[in-house]
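Inside the fold
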Amino acid sequence: MSRTRTSSPRRPVSPTAAVVTALLLLAAVAVAAGCLGAAIAQSALSAVAAPPASASDQTSGVSVVEPGGALGAPGRTESQPVGQASRLGLADGLLPGGVTVFDSGYPAVANLDPDLLQTLQAAVTTGGLDLYVTSGWRSEAYQKQLLADAIDTYGSEAEAARWVAPADKSLHVAGQAVDLTGDGALEWLAEHGSAFGLCQIYDNEPWHYELRLNAPAEGCPSRYPDASWDPRLR
Ligand SMILES: [Zn+2]
């Protein structure tokens, strides 16, 4: 009696438990496989398209662009670059994270003005800098996309002009400007860059540097509050 009482309620339980366990295992395997597949698909994608999460030291986003998000300013969403930006790639000057001024395999670096690039390399070597390029040379298509994104983000062409130049005027498109990041590197450049001819141009973009050949002798020129004040961009 006591045997049937104890065993009979349990007997149906353990097969059920076994089935449940088996199902859970199957589900776990399926989930793991799904994640792996997604991860593979994603890495394949990022290898082809542009790696976005790079310039995330300030905001991330279409890191593709300026450090501080593509636009170097807060308030940027990541929803924009679905259409045209998704067709942009390394050949347009997009960059993954961790690219240095010595990584000339990237068009964004290779297409920089040679004097600017060599000066940057000299500064990095001299200062022992942990310096990375978040954006250098850009194609016109890339610059146009950035401007369109900025207008979307800021709601007006006037506000966007404080952060992004038109493609036909951009110093990035001309290969004469570079956006940089790195632990302590920007602070070092702010202090010593002018001795090399490397100058910050805009107050609101501490990462944007250009070459000023007179700077070693005369110091860097006074900065514009932002790009909209720059007569070269009009
Ligand atoms: Zn810039």
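Scroll up a little and you will see the structure.
Notes on the structure follow. (Residues numbered from 1 in each chain as written. Predicted model: local features only at pLDDT ≥ 70, side-chain atom pairs only at ≥ 80, totals over all residues.)

What follows concerns the environment of Y202. Structurally, Y202 can be placed in the loop between β3 (198-200) and β4 (208-211). Residue contacts for Y202: discarding those within four places in its chain leaves H208, R223, Y224, D226 and A227. (Helix = DSSP H or I, 4+ residues; strand = E, 2+ residues; numbered from the N terminus. Contact = placed C-beta atoms within 7 Å.)

All right, on to the sheet that holds strand β2 (residues 177-181) then. On the basis of which strands lie adjacent, the open sheet formed by 4 strands has the order β1-β2-β4-β3 and antiparallel pairing. Of all the strands in the sheet, the pair left with one neighbour each is β1 (132-135) and β3. Within this sheet the neighbouring strands show an average axis-to-axis angle of 45 degrees, counted without direction. Where β1 and β2 come together, 3 bridges link them in antiparallel fashion. Opposite S135, over in β2, you have D179 as the bridge partner. In this fold helix α7 (residues 185-196) packs onto β2, β3 and β4, with an angle of close to 125 degrees to the strand it touches most, β3. (Pairing = 2+ DSSP bridges. Axes fitted to C-alpha atoms, helices over the stretch in contact; angles between N-to-C directions.)

Turning our eyes to something else, we now look at the packing of helix α4 (residues 114-127) against α7. The interhelical angle for the contact between α4 and α7, taken along N-to-C directions, is 125 degrees, at an axis separation of 11 Å. In terms of axis orientation, α4 runs oblique to α7. Between α4 and α7 the crossing geometry is right-handed. Judged by residue contacts, T119, A122, A123 and G127 of α4 engage W188, L189, H192, G193 and F196 from α7. Along the lines of polarity and charge, the residues of the contact of α4 with α7 split into 5 nonpolar, 4 polar and no charged. (Parallel < 35°, antiparallel > 145°, perpendicular 65-115°, else oblique. Left-handed = near helix turned anticlockwise from the far one by under 90°. Nonpolar A, V, L, I, M, F, W, Y, C, P; charged D, E, K, R; others polar.)

Here we take up α4. Taking 1.5 Å of rise per residue, the 14 residues of α4 would be expected to cover 20 Å, and the 20 Å separating its terminal C-alpha atoms lies within 8% of that figure. Directly after α4, the chain includes G128, whose backbone phi takes a positive value near 60 degrees. (Expected span 1.5 Å × (residues − 1).)

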